[in-house]
Amino acid sequence: MLAGLSVIAVTYGLTRYGFGLYLPQFRADLGLTSGTAGRIVAGSSLAYCAAAVLGLYLVDRGRARRALWAAGVGAAVGALVVAAAQATPVLAAGALVAGSGAGAASPALVAAVARTVDPAAEPRSQTVVNSGTGAGVVAGGLVALAWPAEWRWAWLAFAGGALVVTWWADRSARWGPVPAAPDRPGSGLRPSRLARPLTAAPLAGAGGAGVWTFGPDVTTGSGLSAQAAGLLWCLLGAAALLGGLSGSVVRRAGPAAAWRGSAAMTATGTVLLAWRPGSVVVAAAAVALFGCGFVALSGVLITWAGRLAPAAPAQATAVLFIALTTGQAAGAALLGALADAAGAPVAFVAAAVLVSAAALVAPRDRRRTAPAGRSVRRRHG
């Protein structure tokens, strides 16, 4: 779990969402506009989707270990290109490759956890590993606080970290043989069963793109210092770690309540940041709500996928995360253009509306009484 959490921390929290953290520096050194930054994040998100398809293909054929290394190497190569970038096109290429690593990481780690962790602890373990995004965001914020102008060295360190944690996860996981035929995704993954989450995930992703992409830039543009923005990013990451408790919330309150509650936190945080981005107190509350809410949303997606496709959880998770990231791609591009045209507050309000729409498409709670001696979780998938 710790090794898997570390892979998610680097591939998501550093090399994927780190672009938003360093956007003020990229803007100052390379002259990026909000619209250009949104298009870069959109391209990175599409690369994520392509890598997720590759990871899904490899996991489907019992090669989850190769998917893990595709994730780690992709994140490392992309981070190296970002570190060396002297012009916007090179930065865009590096961000595209760096962001792709996370796409292959999710299906690989879902498969690794399923084969390594005791089945009774698997749902909670999956959401804890997924919360590694928060750990990576905290680490990125601390690096930015310590060396605010040294973004090239930071991305060089991200590249080395990606390779180290990938090796650690490879050594820690129990990869095992290819699953038998009944466990193959052809029998367990039915796209029609994923209709509701495939509607909800893109809306959540599009709304979440606002804070992930433009959050630090908005706070520094409203008068806060780079150090304050770094502290806020650390707070966002720490709150995101709490999102790893979503598995426990799903078990106690049900997936529908967990989804709606997570979406409400995400939307509220986004609106608060639009309202007073220059106030440290308001911005702190905003990023804390957003970080916890958004990571909890993605954790609920993992649980949702496992319930709808219990024989193919890694494949279903990859499909839903592709949908989530497709929404982020569209959201980053559209919100960036809207921020250039009407201002960041308007773009953030639009982002909150998108997340609120996602809350309306919640999982269906189907509670049944299990016979004595039978596991309710297994009956529900």
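Rules used in this analysis
- Residues numbered from 1 in each chain as written.
- Predicted model: local features only at pLDDT ≥ 70, side-chain atom pairs only at ≥ 80, totals over all residues.
- Heavy atoms only, no water.
- Helix = DSSP H or I, 4+ residues; strand = E, 2+ residues; numbered from the N terminus.
- Rg over C-alpha atoms; globule rule 2.2 N^0.38 Å.
- Buried < 20%, exposed > 50% of the residue type's maximum accessible area, 1.4 Å probe, protein only.
- Contact = heavy atoms within 4.5 Å.
- Core = buried A, V, L, I, M, F, W, Y, C linked by side-chain atoms within 4.5 Å.
- Salt bridge = Lys/Arg side-chain N within 4 Å of Asp/Glu carboxyl O.
- pLDDT = per-residue confidence, 0-100.
- Axes fitted to C-alpha atoms, helices over the stretch in contact; angles between N-to-C directions.
- Left-handed = near helix turned anticlockwise from the far one by under 90°.
- Polar contact = N/O pair within 3.5 Å; in protein donor to acceptor, adjacent residues only side chain to side chain.
- Phe/Tyr/Trp six-rings, centres within 6.5 Å; stacked < 30°, edge-to-face > 60°.
- Lys NZ or Arg CZ within 6 Å of the ring centre and 35° of its normal.
- Disulfide = S-S within 2.5 Å.
- Expected span 1.5 Å × (residues − 1).
- Patch = residues over 30% accessible without salt bridge, like charges linked within 9 Å, V, L, I, M, F, W, Y side chains within 5 Å.
- Areas by Shrake-Rupley, 256 points an atom, 1.4 Å probe, with all protein chains shown as cover.

Caption draft 1: Up close: the overall build of the protein chain. Counting secondary structure elements, the protein chain contains 18 helices and zero strands. Expected size for 381 residues packed as a compact globule is a radius of gyration near 21 Å; at 19 Å, the protein chain falls within 12% of this value. Seen through its principal axes, the protein chain has C-alpha atoms that stretch 60 × 40 × 30 Å. Within the protein chain, the fraction of its 381 residues that count as buried is 56%. In the protein chain, the share of contacts with a sequence separation of at least 24, taken over all contacts with a separation of at least 6, comes to 83%.

Caption draft 2: Broad picture of the nonpolar core. Ranked by internal contacts, the top residues of the largest apolar core, which has 112 residues, are Phe19, Tyr22, Phe26, Trp155 and Trp259. With residues up to four places along the chain from it excluded, the contact list for Phe19 reads Leu14, Phe26, Leu32, Ala37, Ile40, Val41, Leu91, Ala95 and Trp155.

Caption draft 3: A look at the pattern of salt bridges. Taken as a whole and judged by the stated rule, the model has three salt bridges. For Asp60, the salt bridge identified is with Arg61, shortest N-O distance 3.3 Å. For Asp60, a relative accessible area of 22% puts it in the partly exposed group. Overall, Arg61 belongs to the partly exposed group, its relative accessible area being 37%.

Caption draft 4: Structural context of the confidence of the model for the protein chain. Summary statistics for the protein chain give a mean pLDDT of 87 and a share of 91% for residues scoring 70 or more. Within the model, pLDDT remains below 50 along residues 178-187, and this stretch shows 15 contacts once partners closer than five positions in the same chain are excluded. Of the regions scoring below 50 in pLDDT, residues 368-381 engages in 17 contacts with residues more than four places distant in sequence or in other chains.

Caption draft 5: Local environment of the packing of helix α6 (residues 88-116) against helix α7 (residues 122-130). Contact geometry for α6 and α7: axes closest at 10 Å, N-to-C directions at 145°. Relative to α7, α6 is oriented so that their crossing is right-handed. Between α6 and α7, the contacting residues are Leu109, Val110, Val113 and Ala114 on the first element and Glu122, Ser125, Gln126 and Val129 on the second.

Caption draft 6: Inspection of the packing of helix α1 (residues 2-14) against α7 at higher detail. Close contact between α1 and α7 brings their axes to 7 Å; oriented N to C, the two are set at 35°. Contacts between α1 and α7 involve Gly4, Leu5 and Ile8 on the former and, on the latter, Val128, Val129 and Asn130.

Caption draft 7: Main features of the side chain of Ser298. Among the structural elements, Ser298 can be located in helix α15 (residues 280-308). Reaching out from Ser298, the side chain makes a polar contact with the side chain of Asn130 at a distance of 2.9 Å. Ignoring any residue separated from it by four or fewer positions in sequence, one finds Ser298 in contact with Asn130 and Phe321.

Caption draft 8: Molecular detail of the packing of aromatic side chains. If you walk through the whole model with that rule in mind, you get 14 aromatic pairs. Here Tyr17 and Trp212 contribute two aromatic rings whose centre-to-centre distance is 3.9 Å and whose plane-to-plane angle is 10°, an arrangement assigned as stacked. Here Tyr17, found in the loop between α1 and α2 (18-21), pairs with Trp212, found in helix α11 (residues 195-221); they are 195 residues apart in sequence, far enough to count as distant. Residue Tyr17 is classed as buried on the basis of its relative accessible area of 8%. Cluster of aromatic residues (ring-pair linked, three or more members): Phe19, Tyr22, Phe26, Trp151, Trp155 and Phe158. Directly above the aromatic system of Trp275 lies the positively charged group of Arg276, at a separation of 5.6 Å from the ring centroid.

Caption draft 9: Layout of the state of the cysteines. Applying the stated criterion to the full structure yields zero disulfides. There is no disulfide at Cys292, and the cysteine sulfur nearest it, in Cys234, is 17 Å away.

Caption draft 10: Focus on the side chain of Ser6. Position of Ser6 relative to the elements: it lies in helix α1. With residues up to four places along the chain from it excluded, the contact list for Ser6 reads Val165 and Trp168.

Caption draft 11: Structural view of helix α8 (residues 132-146). With 15 residues, α8 extends 21 Å from end C-alpha to end C-alpha; this agrees with the ideal 21 Å at 1.5 Å per step. The complete set of buried residues in α8 reads Gly132, Thr133, Gly134, Gly136, Val137, Val138, Gly140, Gly141 and Ala144. Looking at the buried positions of α8, the neighbouring elements they touch are α1, α2, α7, α11, α12 (226-242) and α15.

Caption draft 12: Region of the structure containing the environment of Thr15. By the element assignment, Thr15 lies in the loop between α1 and α2. Each C-alpha atom, one on Thr15 and one on Leu96, is 9.9 Å from the other, the two residues being 81 residues apart in sequence. Each residue touching Thr15, except ones within four places of it in the same chain, is listed here: Val10, Ala75, Ala79, Ala98, Gly99, Trp155 and Phe158. A distance of 3.1 Å separates the side chain of Thr15 from the backbone oxygen of Thr11, its partner in a polar contact.

Caption draft 13: Main features of a nonpolar patch on the surface. Together, Leu2, Trp167 and Trp168 make up a nonpolar patch on the protein surface, roughly 350 Å² of accessible area in all. Among the structural elements, Trp167 can be located in helix α9 (residues 151-172).

Caption draft 14: Up close: the environment of Thr11. In this structure, Thr11 sits in helix α1. In this structure the C-alpha to C-alpha distance between Thr11 and Gly103, which are 92 residues apart in sequence, comes to 8.6 Å. Beyond its immediate chain neighbours, meaning those up to four positions away, Thr11 contacts Arg16, Ala71, Ala75, Gly101, Ala102 and Ala105. Within the local environment of Thr11, its side chain forms a polar contact with the backbone oxygen of Val7, the two atoms lying 2.8 Å apart.

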